[in-house]
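# Structural overview
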Amino acid sequence: MFHQLKNVSKRYYEEFSSIEEIPDNDKITYNEISQLILSDTVISAVAHIQKIREFNSDLELSEASHKAISYAEEIFMKNVSFLKKGFTPETDNTMEQIFSLICDIVDKARSFKTNSGITSFCYNLFNYFNKRCFSTGKWKGFSPLMRARFQHG
């Protein structure tokens, strides 16, 4: 689902530079396509694709919406086949799920010029998010972040 939503958004970002520039009819179409992707039953998927088809024939839409609608037709066929088999079309790749949460951080990390800069960034990032306390040793009961504050001020 994540990749499908990303691909739909990409079609709009290719034509419009910001969300404010997207016309209302295109926003409605985008939202309906998103609902199609997030459908968890065949009945709701069919209802959403019918609305999308109506929008395509009744509303004045941009080229981005026409591209997104043709992509939605592909998504519909693929997702309905999964739903009929009893599967929800979402990723089961754990690393992909984790990466989607930290994607912005990874983009920032790419800007580092030296290995020591990225190493320091990753150590600090790990320490910042690691709230688990040590269970043994001298620092038992303290998190790595608390330990760093004590040692380095």
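Rules of the game
- By convention here, each chain's residues receive numbers from 1 onward along its written sequence.
- Restriction of local features to residues with pLDDT of at least 70 applies here, the model being predicted, together with a cutoff of 80 or more for giving and counting side-chain atom pairs; totals for whole chains, interfaces and linings are based on all residues.
- Only heavy atoms go into the side-chain values, all of them from the structure, while hydrogens and water stay out.
- Where helices and strands are cited, they refer to DSSP runs of H or I of at least four residues and of E of at least two residues respectively, numbered from the N terminus.
- The classification of residues rests on relative accessible area computed with a 1.4 Å probe and restricted to protein chains. Under 20% of the type maximum is buried, over 50% is exposed, and intermediate values are partly exposed.
- Contacts were defined at the residue level, with two residues in contact if any of their heavy atoms lie within 4.5 Å.
- Exposure was quantified through the Shrake-Rupley algorithm and a 1.4 Å probe, taking into account, for residues, occlusion by the shown protein chains and nothing else.
- Polar contacts, as counted here, are pairs of nitrogen or oxygen atoms within 3.5 Å of one another; within protein the pair requires one atom able to donate a hydrogen and one able to accept it, and residues that are adjacent in sequence qualify only if both atoms are side-chain atoms.
- Here, nonpolar core refers to any group of buried Ala, Val, Leu, Ile, Met, Phe, Trp, Tyr and Cys residues whose side-chain atoms link them within 4.5 Å.
- Salt bridges, as used here, are contacts in which a Lys or Arg side-chain nitrogen is within 4 Å of a carboxyl oxygen on Asp or Glu.
- Fitting a line to C-alpha atoms yields each axis, with helices limited to the stretch in contact; the angle taken between N-to-C directions then spans 0 to 180 degrees.
- Angle categories: roughly parallel below 35 degrees, roughly antiparallel above 145, roughly perpendicular from 65 to 115, and oblique for all the rest.
- It is the rotation of the near helix from the far one that decides the hand of a crossing: anticlockwise by less than a right angle makes it left-handed, clockwise makes it right-handed.
- Amino acids outside the nonpolar list (Ala, Val, Leu, Ile, Met, Phe, Trp, Tyr, Cys, Pro) and the charged list (Asp, Glu, Lys, Arg) are all regarded as polar, and Gly is one of them.

Here the focus is the overall build of the protein. Of the regular secondary structure elements, the protein holds 7 helices and 0 strands. Counting the 153 residues in the protein, one finds 25% classified as buried. Sequence separation of 24 or more characterises 50% of the internal contacts of the protein that already satisfy a separation of 6 or more. Total accessible area on the protein is roughly 10900 Å²; 56% of this is exposed by carbon and sulfur atoms.

Within the element layout of this structure, Ser65 appears in helix α4 (residues 63–84). For Ser65, a relative accessible area of 0% corresponds to the buried category. A polar side-chain atom of Ser65 sits 2.4 Å from a polar atom in the side chain of Asp26. Sequence-distant contacts of Ser65, defined by excluding residues within four places in its chain, comprise Tyr12, Asp26 and Thr29.

Now for the nonpolar core. By size, the foremost hydrophobic cluster in this structure holds 19 residues, and its most contacted members are Val8, Tyr12, Ile33, Leu36, Ile52 and Phe76. At the level of secondary structure, the elements contributing two or more residues to this core comprise α1 (2–15), α2 (24–37), α3 (42–58) and α4. Here this core takes 8 residues from α4, the largest share from any one element. Apart from the residues lying within four places of it in its own chain, the contact partners of Phe76 are Leu36, Ala45, Val46, Ile49 and Arg53.

Before going further, it helps to examine the pattern of salt bridges. The tally for this structure, following the rule as stated, stands at 1 salt bridge. Here Arg53 ties to Glu73 by a salt bridge, and the two come within 2.8 Å at their closest N and O atoms. With Arg53 in helix α3 and Glu73 in helix α4, the pair connects residues that are 20 residues apart, well separated along the chain. A residue is classified by how much of its surface remains accessible, and Glu73, at 24% relative accessible area, is partly exposed.

Orientation of α1 relative to α4, taken along the N-to-C sense of each, is 165 degrees, at an axis distance of 8 Å. Taken together, the axes of α1 and α4 lie roughly antiparallel to each other. Here α1 and α4 pass one another in a crossing that is right-handed. Counting all contacts with α1, which are made through His3, Gln4, Asn7, Val8, Arg11, Tyr12, Glu14 and Glu15, the residues of α4 involved are Glu63, Ala64, Ser65, Lys67, Ala68, Tyr71, Ile75, Lys78 and Asn79.

Attention now goes to the packing of α1 against α2. Between α1 and α2, the least distance of the axes is 10 Å, while the angle of their chain directions is 165 degrees. Classified by the angle their axes make, α1 and α2 are roughly antiparallel. Viewed along their axes, α1 and α2 form a crossing whose handedness is right-handed. Contacts between α1 and α2 involve Gln4, Leu5, Val8, Ser9 and Tyr12 from the first element and Asp26, Thr29, Tyr30, Ile33, Ser34 and Ile37 from the second. Residue classes in the contact of α1 with α2 are distributed as 6 nonpolar, 4 polar and 1 charged.

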